[in-house]
Structure formats: structure tokens, C-alpha cells
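Examining the three-dimensional arrangement
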Amino acid sequence: MSMKIMVVVASTRPGRLGPAIGEWFVRATAATAAELEVVIDVADLAEVGLPFLDEPEHPSTGVYVHAHTRAWSSRVDAADAFVFVTAEYNFAMPATLKNAFDFLSREWAWKPCLFVGYGNTSAGSRAVQMARGVAASMRMLSVGGDVYLRIADDVVDGEVVVDERRAGQARGALTQLVRAADVLRPLRERDGQIVAAAAGDVSELVVLQRACWVDEAIANRAFDLPALTETAAQVEVSLAEWQVWVIRSGGRLIASVRARRDGDAWLIGRLMVAPDYRHQGLGQQLLAHAEAHAPAGTATIALCTGVRSTGPQALYRQAGYSLTREGAPPGSVLLRKAATAGSVGNS
Ligand SMILES: Cc1cc2nc3c(=O)[nH]c(=O)nc-3n(C[C@H](O)[C@H](O)[C@H](O)COP(=O)(O)O)c2cc1C
């Protein structure tokens, strides 16, 4: 099974050495990466461009107000392991790396990491020691075998000096990293947790919505429902237009919901739970999660379902929604409830 490894280049100052060290690591390990079917994503923090942490909520809530945080979250989430290429500034890691760590929480968890440190006298080892402690606090596992470069000895004209022994060490370390990522995979599956959908979820979302909307189509005698006819490409586009959350069990995508702002309303849709996982409260959990992500300024929370979709209507009524046919598309009903102070605040 292929793995995605993120190589994080930590330093961001003009004229920095960081990208050259990162490129050296990627080049030195390219053959091993190909052999192990590893996809490398180089995240240069200068390009990622995060400001200083500006999210109002604790990252463990997964409630992110800013687009830059959401983008960083999905990129880190997609990685199975990390290589942190870090300089040493005043006996510590660069503030940019600490800041990039602090933005997120569960996205880092249960993933192994490796460090490539560089610097003057200490070859970056004090920065790595510090970063390792921070990584451990976020449930990353440092696999060891870290690579250190002393600039005076190992870098000439801004390029890492060719040294087969060091390249071999990097290849060995990458192999260990991939093995550890494989072993830790079950811990990363996040059984039962609500997480933001990623591009890799598209085909399973298509299957899930078809499985879930067959009953609705039969009940409402309408078979041209978008949830039944949408292609994978259309579902992929919807991931950019909506906030979409999913739940997995044993690696399988079993439930999902989506939401987006529409004026002062927060529209919730595509609440779906696989037929064999119903009656366990997953629908209520997802509905409450989507409601809790309503942005500040939301006046009403709105849903739409089929006139004869009695099961979903019962769930929504139980959650405080009132039903109206006014303004609803043909064959549908609208359900609304006023947003309360406790249910809004994010955007
Ligand atoms: C603000 C600052 C602090 C530094 N502190 C250290 C240090 O504590 N230990 C060290 O070995 N090198 C230190 N250096 C030298 C760096 O290791 C060297 O400049 C390296 O190229 C920095 O990485 P970068 O070019 O990717 O920014 C420091 C450099 C800067 C700019």
C-alpha cells in the first residue's frame, strides 16, 4: 500500500539553506522512495505561508476559522509520516516550525517522524532535541536514525556535499520511517471519529451516498436525485464548495455530512449513515457536529429532505427542527431551526 511522506522544510528566511537540505534528502532517498511506493510531498513552510497562530479555538477541536489552517490541516492529514528538515536558531528549532506544529493537533497524531538537522557547531542537534519533544507531545513517534549536517563540513556553495555514507543513512532512515508508518496505520484510522473529508474519500462517498439514497428514492418515487446520479468528479468539486466530514470504521467510510454558508443560513446536507451502521447515534452525532460549525452571524440552520423521507424527518424534528414546505423544491420539505449562541461561532 502506498505511503505519503511529508518533508517539512522549517526555515523561511530569505537566502536560507533549508530548501537545499530538503532537496538533498529527497534526491538521496528517491530510489528507496520509489521502491517502497512512497509519495513525497515537500512542504516548504515559506510557501505554506502560515501567519502566527491565529485560530480562536484549541486545535484539538478541529474547528478552524481560516482557509490557511484548513489547507494546512488537509495537507498534514494526508501524510502518513514526516521528515522535519530543521535549522538551529539560538539553540532551538525555528519559530516557524513550532508555529506550524501548534496550528494542528490530531493531524499529527500516530505518525512517525524523522529529523534532518543542520547548523554550525551542533549540526542542528539541539533544534532536533527540542522539536522531538514537541512532536512527542502531539503523539508523533520519533523513529531515530536522524541525519545531521554540520554546515562547515557538509555544505559547499549552498549544496550538500556528495557523501555516499550519509546518503545511505538517509535511505535507511526512510525505510525505517515507512515501516513504522505501516505498523502505526491502525492507530491512524481513527475509528469512529468525525474528521474532515479528504480528496481520497471521494469514491467511498459516491458509494455511500448511492447506498443511502436508494431507500429515499423508493420512498419518494424519485430516482433522479443528485445523491444517486452524481459522478466522482462532481463529488470531488463539492468537497471544495462544502465543509464535509466523515466517520470511518475499520478503515471503511461509514457516515458523512456536509454544510455551507448561504447568506445568514447554515445549510446542512447529505447526512448519511451506511445501512449496516444505523441506529447507533452516528446521524445525531454528525448533525450536532455540523451545527457546531455554523459560522458567527448564522441566524438559521436549514436542511432539506424528501416529503416522504419519514426517517430523516423524525431525526431532524427530534433535533429541534420545524418542517415547512414553503420554499422547498418540488417533492421536498425544508427543516429549519434558529441558531443558538451555543451552536455558532466559527466560520
Ligand atoms: C537567528 C539565527 C540563529 C542561529 N543560531 C544558531 C545556533 O544556535 N546553532 C547553530 O548551530 N547555528 C545557528 N545559526 C546558524 C544556522 O545554523 C545557519 O545560518 C543555517 O544556515 C540556518 O538555516 P537556514 O539557512 O535554513 O535559515 C543561527 C542562524 C540564525 C539566522
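Residues numbered from 1 in each chain as written. Predicted model: local features only at pLDDT ≥ 70, side-chain atom pairs only at ≥ 80, totals over all residues. Heavy atoms only, no water.

The subject of this paragraph is the site of the ligand. Around the ligand, 17 residues are found, and the nearest of them are S11, R13, Y89, Y118 and N120. Here G18 contributes a backbone N or O atom positioned 3.0 Å from an oxygen atom of the ligand. Between the ligand and F91, the relevant distance is 2.8 Å, taken from an oxygen atom to a main-chain nitrogen or oxygen of the residue. Here the ligand, which alone exposes 610 Å², has 77% of that area covered by the protein. (Near = heavy atom within 4 Å. Polar contact = N/O pair within 3.5 Å; in protein donor to acceptor, adjacent residues only side chain to side chain. Areas by Shrake-Rupley, 256 points an atom, 1.4 Å probe, with all protein chains shown as cover.)

Further remarks concern the UniProt feature "domain: N-acetyltransferase" (unreviewed entry) in the protein chain. Mapped onto this numbering, the UniProt entry gives "domain: N-acetyltransferase" (unreviewed entry) at residues 192-340. Here residues 192-340 runs as 36% helix and 33% strand, with 27 Å between its end C-alpha atoms. (UniProt positions renumbered as here; feature names shortened; annotations may be inferred. Helix = DSSP H or I, 4+ residues; strand = E, 2+ residues; numbered from the N terminus.)

A word on the packing of helix α12 (residues 282-292) against helix α13 (residues 310-318). α13 packs onto α12 with a crossing angle of 55° between their chain directions and a minimal axis gap of 11 Å. The orientation of α12 with respect to α13, classified from their angle, is oblique. Classified by chirality, the crossing of α13 by α12 is right-handed. Between α12 and α13, the contacting residues are G283, Q284 and L287 on the first element and L315, Y316 and Q318 on the second. (Axes fitted to C-alpha atoms, helices over the stretch in contact; angles between N-to-C directions. Parallel < 35°, antiparallel > 145°, perpendicular 65-115°, else oblique. Left-handed = near helix turned anticlockwise from the far one by under 90°. Contact = heavy atoms within 4.5 Å.)

What follows deals with the side chain of E107. Mapping E107 onto the fold places it in the loop between α5 (95-102) and β4 (112-119). Side-chain polar atoms of E107 contact the side chain of S73, separated by 2.9 Å.

A few words now on the pattern of salt bridges. In total, this model carries 19 salt bridges according to the counting rule given. A salt bridge links R75 to D41; the shortest N-O distance between them is 2.9 Å. Of this pair, R75 sits in helix α4 (residues 67-77) while D41 sits in strand β2 (residues 38-44), and the two are 34 residues apart along the sequence. (Salt bridge = Lys/Arg side-chain N within 4 Å of Asp/Glu carboxyl O.)

The next point concerns a nonpolar patch on the surface. On the surface, a cluster of nonpolar side chains totalling about 250 Å² of accessible area is made up of W110, L141 and L187. Residue position: L187 is located in helix α8 (residues 164-188). By relative accessible area, L187 is classed as partly exposed at 44%. (Patch = residues over 30% accessible without salt bridge, like charges linked within 9 Å, V, L, I, M, F, W, Y side chains within 5 Å. Buried < 20%, exposed > 50% of the residue type's maximum accessible area, 1.4 Å probe, protein only.)

A few words now on the side chain of N99. Position of N99 relative to the elements: it lies in helix α5. Look at N99 and you get buried, because its relative accessible area is 9%. Only 3.0 Å separates the side chain of N99 from the backbone nitrogen of L53, close enough to count as a polar contact. Leaving out residues up to four positions away in the same chain, N99 has contacts with L50, P51, F52 and L53.

Take the packing of aromatic side chains next. Enumeration according to the criterion identifies nine aromatic pairs in this entry. With a centroid separation of 6.0 Å and an interplanar angle of 70°, the aromatic rings of W72 and W108 are classed as edge-to-face. One end of the pair, W72, is in helix α4; the other, W108, is in the loop between α5 and β4, and 36 residues separate them in sequence. With centroids separated by 5.3 Å and ring planes inclined at 75°, the aromatic side chains of F101 and W108 adopt a geometry described as edge-to-face. As far as the burial class goes, F101 and W108 line up, both buried. Linked through ring pairs, W72, F82, F84, F101, W108 and F115 together constitute an aromatic cluster. (Phe/Tyr/Trp six-rings, centres within 6.5 Å; stacked < 30°, edge-to-face > 60°.)

Domains assigned within the protein chain are domain 1 (3-188) and domain 2 (194-346). In this complex, domain 1 contributes six residues to the contact, which on the side of domain 2 involves five residues. Between domain 1 and domain 2, the buried area comes to about 480 Å², and carbon and sulfur atoms account for 53% of it. Broken down residue by residue, the surface that domain 1 buries against domain 2 is led by V63, R70 and R106, which jointly contribute 58%. Taken together, the links from domain 1 to domain 2 amount to zero residue pairs in polar contact (both at pLDDT 80 or more). Partitioning the side of domain 1 that touches domain 2 into residue classes produces one nonpolar, one polar and four charged. (Domains from an automatic or database assignment. Buried area = accessible area lost by both parts, 1.4 Å probe. Nonpolar A, V, L, I, M, F, W, Y, C, P; charged D, E, K, R; others polar.)

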